Amino acid sequence: KFEFNPKDGIDNPALSLAEDTGGEGVGEPRFYLLSKDSTETFGFCLHEELGCQGHVIRQVEVGGLAQRRGLQDGDRLLQVNGHFVDHMDHRTVVQKIKASRNQVLLAVLDGGSYEAAKALGRDLSQMLPADIRPRLCHITRDKSGFGFSVSGPEGVKGTFQLSVRQDGPAERAGVPPGSWLLELNGASVRSYSHAQLTRKLKQSGNKVTLLVASSAVEEFYRLQGLQITAALADTSWLPFKVRELHMVKGPAGYGFLLKEDDCISGAIGQFLWDVDAGLPAEQAGMKEGDRLLAVNGESIEGLDHHQTVLRIRARDDQVTLLVIDPAGDEFYQSVGFGAQRSPSLVGEP
């Protein structure tokens, strides 16, 4: 039976996938969804230590968010938002956590189990579910419709399963057959009746954006006592992509201007203009009106113009910028999923 977790802002500690250690002294990964506000920290530090393998959880603040959820000193970080990170360098993993902004899903293994697994030559990635992310899918209607139908228990609100037509628009947009609908155009469907959902779909015109979860993903979150959120979604199926621009400064500089202006959302953003022909910015693929999201892998959200310029100038002769064009920016804002919010968009190697 499909059930949404009835709690908002989950406070219960994460559960293990299994209690059996297999008799080899190796426990199971633990999962934690950490949600904070903009004034808080996650309440731990990530260390790279000489003579100690893995990404080590340290300085767990007493009474802080991480400790309240159950993270422990010495735990090893295996996964960030569904991405296996044990093989990645320390800086990349830190960037992934920072890019998550105010919500991050972590998978950890206690220090003793981690060391035992390494000694046994275990593939740690095999201890984790293959895919634990919902999907954000953008569907354009064809002459026969969106290519999916909706079913659910009679008289029950918010529980909708999708049947997907083979080779139809929904399948091409990445909607898994039999998946569960969580959001429609950025709004939760939890309170919708079937009639309300049908009406909302008709009002969407020729395009619709769905947050969906396969049965396996929904079951994983339910067993862990965690809430599925759009911030954790796999966005690789969406038609609009952020772009990473790596530039090496030439004799005439990078060849662009940075200007502060209002974003579509009403917030203040940093935009790229006056891209000079033939200089590094144009050669890297910069376009007039691109919005800047991150500098050298770190989000610029909350920085003013002067602070952003200092970030760009921090390295004398080169810089890597993450940008999105106006059409993509407008799309993400329209579904309540600003490009800056997504760990799948910002901070990916």
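Sequence order as written defines residue numbering, which begins from 1 separately in each chain. It should be noted that, the model being predicted, local features are given only for residues of pLDDT at least 70 and side-chain atom pairs only at 80 or more, the latter also being counted only at that level, while totals for whole chains, interfaces and linings use all residues. As a convention, hydrogens and water are excluded, and side-chain values are obtained from all of the structure's heavy atoms.

An unreviewed UniProt entry lists the protein chain under the name NHRF4 protein, with Cepphus grylle given as the organism.

**Student:** Give me the overall build of the protein chain: which residues, what numbers.
**Tutor:** Secondary structure assignment for the protein chain yields 9 helices and 18 strands. Residues counted as buried form 48% of the 349 residues belonging to the protein chain. Per-residue accessibility takes into account occlusion by the displayed protein chains alone, with areas from the Shrake-Rupley method and a 1.4 Å probe. For the protein chain, the exposed area adds up to about 16700 Å²; of that, 49% sits on carbon and sulfur atoms. Every helix listed is a DSSP run of H or I at least four residues long, and every strand listed is a run of E at least two residues long, numbered separately from the N terminus. Only protein chains enter the area calculation, which uses a 1.4 Å probe; residues under 20% of their type maximum are buried, those over 50% are exposed, and those in between are partly exposed.

**Student:** Let's hear about the side chain of Thr308: which residues, and what values?
**Tutor:** Inspection of the secondary structure assignment puts Thr308 in helix α8 (residues 305–313). When checking whether two residues touch, look at their non-hydrogen atoms; a contact exists if any pair is within 4.5 Å. Once residues lying within four places of it in the same chain are set aside, the contact partners of Thr308 are Leu258, Gln270, Leu292, Ile300 and Leu303.

**Student:** A description of the environment of Gly74 should follow, citing residues and the corresponding values.
**Tutor:** For Gly74, the location among the structural elements is in the loop between α1 (65–69) and β4 (76–80). For Gly74, a relative accessible area of 9% translates into the label buried. Note: C-alpha distance between Gly74 and His47 (27 residues apart in sequence) is 9.5 Å. Leave out the neighbours within four places in its chain, and Gly74 touches Val56, Ile57, Arg58 and Gly111.

**Student:** Tell me about the environment of Leu120, and name the residues and values.
**Tutor:** Tracing the chain through its elements places Leu120 in the loop between α3 (111–119) and β7 (135–140). Given a relative accessible area of 48%, Leu120 falls into the partly exposed group. Sequence spacing of Leu120 and Val26 is 94 residues, and the spatial spacing of their C-alpha atoms is 9.5 Å.

**Student:** Any details on the nonpolar core? Residues and values, ideally.
**Tutor:** Among the nonpolar cores identified, the biggest contains 33 residues, and Phe31, Leu105, Leu124 and Tyr221 are the most heavily contacted of them. Elements with a minimum of two residues in this core: β1 (30–35), β6 (103–109), α3, β12 (207–213), α6 (215–224), β16 (291–295), β18 (318–324) and α9 (326–334). The contacts of Tyr221, once residues within four sequence positions are left out, are Leu105, Ile132, Arg133, Pro134, Leu226, Gln227, Ile228 and Leu232. Only buried Ala, Val, Leu, Ile, Met, Phe, Trp, Tyr and Cys residues count toward a nonpolar core, and they belong to the same one when joined by side-chain atoms within 4.5 Å.

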